[in-house]
Amino acid sequence: MSTDQRHEAEFTAFARARMPHLYRAAWLLCGDRHRAEDLVQETLGKVYAHWGPKIANPAAYAQTTLTRTWISQQRRASTHERPTDELPEQAQHTADDALRLTLLAALDGLAAKDRAVVVLHYLDDATIADVARQVGSSEGAVRKRLMRARRVLRERLGLSFADLVPERTES
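Let us look at the structure shown here.

Cut-offs applied
Residues numbered from 1 in each chain as written. Predicted model: local features only at pLDDT ≥ 70, side-chain atom pairs only at ≥ 80, totals over all residues. Heavy atoms only, no water. Phe/Tyr/Trp six-rings, centres within 6.5 Å; stacked < 30°, edge-to-face > 60°. Helix = DSSP H or I, 4+ residues; strand = E, 2+ residues; numbered from the N terminus. Buried < 20%, exposed > 50% of the residue type's maximum accessible area, 1.4 Å probe, protein only. Axes fitted to C-alpha atoms, helices over the stretch in contact; angles between N-to-C directions. Left-handed = near helix turned anticlockwise from the far one by under 90°. Contact = heavy atoms within 4.5 Å. Nonpolar A, V, L, I, M, F, W, Y, C, P; charged D, E, K, R; others polar.

Glancing now at the packing of aromatic side chains. Within the structure shown, the criterion is met by four aromatic pairs. Relative to phenylalanine 14, the ring of phenylalanine 11 has its centre 6.3 Å away and its plane inclined at 45 degrees; by these criteria the two rings are tilted. Remark: phenylalanine 14 and phenylalanine 11 occur in helix α1 (residues 3–30); sequence separation between them is three residues, near one turn of the helix. No difference in accessibility class separates phenylalanine 11 from phenylalanine 14, as the two residues are buried. Ring geometry for phenylalanine 11 and tyrosine 48: centres 4.9 Å apart, planes at 70 degrees, overall edge-to-face. Pair noted here: phenylalanine 11 is in helix α1 and tyrosine 48 is in helix α2 (residues 33–49), with a separation of 37 residues, a long-range link. Taking the relative accessible area as the measure of exposure, phenylalanine 11 reaches 10% and is therefore buried. Cluster of aromatic residues (ring-pair linked, three or more members): Phe11, Phe14, Tyr48 and Trp51.

Rendered as structure tokens:
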């Protein structure tokens, strides 16, 4: 097997193994299945461009790339609004649709970095240090964003955000 083939095989194995996790994080950030799929594809393309021994922790690199790509997309005007002549597909209803829609609406009202730190810390179980590294901020800034985001979510939801997610023991 040539070096290029081995390189390709290693990346393919990595992408297959990490895609479910990246998709889950992307969906939580985007709130939309199609945008999440696009975000994962863009992330994997960027990771592939830098793939090799210089990436010490590929999973962390991919997560950081996904988060920063999403934050960057949020800075662009109307990145997710596209006119169309077709009606959207029919929604499928499940038992927790109301909770999911309420949570997504509340998260959608947060600033991009605030939403990213909430999703990464509370819903993706990342530590404060990991979140800080992924969003490119200090740990103190992440704590401040979490505090501000929790206050906004409490006001919008009428309850503590912690009531919706499992309690964390590490900060």
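So, on to the packing of α1 against α2. Interaxial distance between α1 and α2 falls to 8 Å at its minimum, and their mutual angle equals 145 degrees. α1 and α2 meet at a crossing whose hand is right-handed. In contact with His7, Glu8, Phe11, Phe14, Ala15, Met19, Leu22, Tyr23, Ala26, Trp27 and Cys30 of α1, α2 contributes Arg33, Arg35, Ala36, Glu37, Leu39, Val40, Gln41, Leu44, Val47 and Tyr48. In terms of residue class, the contact of α1 with α2 is made up of 15 nonpolar, two polar and four charged.

Spatial relationships are all this shows, so hold off on functional conclusions.
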